[in-house]
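# Secondary and tertiary structure notes
So the chains spell out like this:
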Amino acid sequence: MKRIRPVLTVGLMLTAVLAGCHSYRPVETPALGSTVRVHIPVTSALADRNAPPASISIQGQVLSSGDTLVLATTTRREYGAFREITQFDTIRLAPDQRVSVELEEFSKGKSIALGAVLFVGAAGLGIAAFGGGGSSPPDGPPGGGPVSAVVSSSVLSMLWGIIRP
């Protein structure tokens with residue numbers, strides 16, 4: 001287990017760094033049908049004038065590119081435990097309404113690295129769970145005395161005893 005801990009720690013750190021298989025590249029005019037992330041400035045009367053301007057990002061598929069960028073977006077909202085609404089919308093953005101446009105691209109290197117990290121982590125957990133590489137515990141107490149046992153009742157029987165009058 002002492003050899004597995006550093007591997008698991010490094011694996012978790014790499015997973016946090018490589019969380020995703022896409023990269024974003026800034027573009028001026030994206031191609032039709034491509035997926036882009038657009039940063040839109042947010043203005044408020046209460047905003048601090050000394051702070052950099054705030055922006056939100058919207059991701060969608062490009063329907064039209066030119067003076068006005070037209071995006072098809074999908075928004076999912078959950079109302080309660082079993083009710084989810086998917087809203088399809090078309091957004092039109094003029095050049096002065098957007099800060100930047102970034103093209104989403106599949107990143108082969110990140111995908112391979114993430115897969116390798118997940119494989120190493122799963123293998124490490126499997127080795128730790130099945131006791132690989134460790135020494136086995138002794139068969140009994142020294143001197144050959146009786147082996148103690150712990151008897152526990154199930155959680156359901158305990159709950160049934162509380163509920164039953």
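The present account deals with the structure reproduced in this document. (Residues numbered from 1 in each chain as written. Predicted model: local features only at pLDDT ≥ 70, side-chain atom pairs only at ≥ 80, totals over all residues. Heavy atoms only, no water.)

With that settled, consider the nonpolar core. With 11 residues, the main nonpolar core is built from Val27, Val36, Val38, Ile40, Val62, Leu69, Leu71, Ile91, Leu93, Val101 and Leu103. For this core, the elements supplying multiple residues, two or more each, are β2 (35-42), β4 (69-78), β5 (84-93) and β6 (100-106). By residue number, the principal contributor to this core is β2, which donates three residues. When residues no more than four places from it in sequence are discounted, the contact partners of valine 62 are Pro30, Ala31, Leu32, Gly33, Ser34, Val36, Leu69, Val70 and Leu71. (Core = buried A, V, L, I, M, F, W, Y, C linked by side-chain atoms within 4.5 Å. Buried < 20%, exposed > 50% of the residue type's maximum accessible area, 1.4 Å probe, protein only. Helix = DSSP H or I, 4+ residues; strand = E, 2+ residues; numbered from the N terminus. Contact = heavy atoms within 4.5 Å.)

Let's shift gears to the pairing of β5. Sheet topology note: the β4/β5 ladder contains 10 bridges and is antiparallel. If you follow leucine 71 over to β5, its bridge partner there is isoleucine 91. The hairpin formed by β4 and β5 contains five residues between the paired strands, and glycine 80 there has a positive phi angle of roughly 85°. (Pairing = 2+ DSSP bridges.)

The subject of this paragraph is the packing of aromatic side chains. Using the criterion set out here, one finds zero aromatic pairs in the structure. Note that arginine 37 overlies the ring of tyrosine 24, its terminal NZ or CZ placed 3.7 Å from the centroid. (Phe/Tyr/Trp six-rings, centres within 6.5 Å; stacked < 30°, edge-to-face > 60°. Lys NZ or Arg CZ within 6 Å of the ring centre and 35° of its normal.)

The next subject is the side chain of glutamate 102. Of note, glutamate 102 is situated in strand β6. A polar side-chain atom of glutamate 102 sits 2.7 Å from a polar atom in the side chain of arginine 37. A polar contact of 3.4 Å, which involves the side chain of glutamate 102, links it to the side chain of histidine 39. Ignoring any residue separated from it by four or fewer positions in sequence, one finds glutamate 102 in contact with Tyr24, Arg25, Pro26, Thr35, Val36, Arg37 and His39. (Polar contact = N/O pair within 3.5 Å; in protein donor to acceptor, adjacent residues only side chain to side chain.)

Turning next to the pattern of salt bridges. For the structure shown, the criterion picks out three salt bridges. As a salt-bridge pair, glutamate 102 and arginine 37 come within 2.7 Å of each other at their nearest N and O atoms. Within this pair, whereas glutamate 102 is found in strand β6, its partner arginine 37 is found in strand β2, the two being separated by 65 residues in sequence. The partner of arginine 76 in a salt bridge is glutamate 84, and the shortest N-O contact between them spans 3.7 Å. Of the residues examined, arginine 76 reaches a relative accessible area of 60% and is grouped as exposed. The exposure class of glutamate 84 is partly exposed, given its relative accessible area of 44%. (Salt bridge = Lys/Arg side-chain N within 4 Å of Asp/Glu carboxyl O.)

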